[in-house]
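Survey of secondary and tertiary structure
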Amino acid sequence: MSDVSIAYDVVVVGGGPAGLASAIALAQAGARTALVARRAPYADNRTTALLDGSIDFLQTLQVWPRCKDNAAA
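Everything in this summary refers to the structure shown in the same document. (Residues numbered from 1 in each chain as written. Predicted model: local features only at pLDDT ≥ 70, side-chain atom pairs only at ≥ 80, totals over all residues. Heavy atoms only, no water.)

**Re the overall build of the protein chain**
The condition that has to hold: Runs of E in the DSSP output that reach at least two residues are strands. Runs of H or I that reach at least four are helices, and both are numbered from the N terminus. Here the radius of gyration uses the C-alpha set of atoms, whereas the globule reference equals 2.2 Å times the residue count to the power 0.38. Three labels apply to residues, based on accessible area from a 1.4 Å probe with only protein chains included: buried if under 20% of the type maximum, exposed if over 50%, partly exposed otherwise in between. Contacts: residue pairs with any heavy atoms within 4.5 Å of one another. Neither His nor the chain ends contribute to the count of charged residues, in which Lys and Arg are positive and Asp and Glu negative. In plain terms, the charge of a residue is placed at NZ if it is Lys, CZ if Arg, CG if Asp and CD if Glu.
Helix and strand counts for the protein chain stand at three helices and two strands. Over its C-alpha atoms the protein chain spans a radius of gyration of 14 Å, topping by over 25% the 11 Å that the globule rule assigns to 73 residues. Seen along its three principal axes, the alpha-carbon backbone of the protein chain occupies a region of about 45 × 30 × 15 Å. Here the protein chain holds 73 residues, and the buried ones make up 14% of them. Sequence-distant contacts in the protein chain: of pairs separated by 6 or more residues, those separated by 24 or more amount to 33%. Distance between charge centroids for the protein chain: 6 Å, based on 6 positive and 6 negative side chains.

**Some remarks on the pairing of strand β2 (residues 33–36)**
Put simply, the rule reads: In this analysis, strands are considered paired if DSSP registers two or more bridges between them. When the strands point away from the viewer and the path from the first strand over the helix to the second turns clockwise, the crossover is right-handed.
Sheet analysis places strand β1 (residues 10–13) next to β2, joined by four bridges and oriented parallel. Counterpart to Val10 in the pairing with β2 is Thr33. After leaving β1, the chain enters helix α1 (residues 17–28) and then returns to the sheet as β2, a path that is right-handed.

**Remarks on the nonpolar core**
In globular proteins that are soluble, nonpolar side chains generally tend to be buried together. Keep this limit in mind: Definition used in this section: a nonpolar core is a set of buried Ala, Val, Leu, Ile, Met, Phe, Trp, Tyr and Cys residues joined via side-chain atoms within 4.5 Å.
In this structure, Ala21, Ile55, Leu58, Leu61, Val63 and Trp64 together form the largest nonpolar core, which totals six residues. Non-local contacts of Trp64, meaning those with residues more than four positions away in its chain, are made with Leu50, Ile55, Leu58, Gln59 and Ala71.

**Examining the environment of Thr48**
Within the element layout of this structure, Thr48 appears in the loop between β2 and α2 (52–60). For Thr48, a relative accessible area of 48% corresponds to the partly exposed category. Separated by 21 residues in the primary sequence, Thr48 and Asp69 have C-alpha atoms spaced 14 Å apart.

**A closer look at unusual backbone geometry**
Despite not being glycine, Gln62 shows a phi value in the positive range, around 65 degrees. On the basis of relative accessibility, which here comes to 66%, the residue Gln62 falls in the exposed class.

**Quick notes on the pattern of salt bridges**
Selection criterion: Salt bridge criterion: a side-chain nitrogen from Lys or Arg within 4 Å of a carboxyl oxygen from Asp or Glu.
A complete count under the given rule lists one salt bridge for this structure. For Arg32, the salt bridge goes to Asp9, with nearest N and O atoms at 2.9 Å. Within this pair, whereas Arg32 is found in the loop between α1 and β2, its partner Asp9 is found in the segment before β1, the two being separated by 23 residues in sequence. Among the residues examined, Arg32 registers a relative accessible area of 47% and is labelled partly exposed.

Shape is all these values report; function is a separate question.
Here is the structure:
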């Protein structure tokens, strides 16, 4: 571990879809953001249902273009 101390404005706990989207939104808004989530020792192939509001939010964050090719109707 390092002795370097870093100050954050906000800490988001949880690396699921809601936590990831929240951390991205906060960081884009200018908050120094830390995302605390465990690193899965395996590929997480679970699916997540996204309603229109979720997709709109991801489009606002400009991350939907990176996700949509892996999405199904």
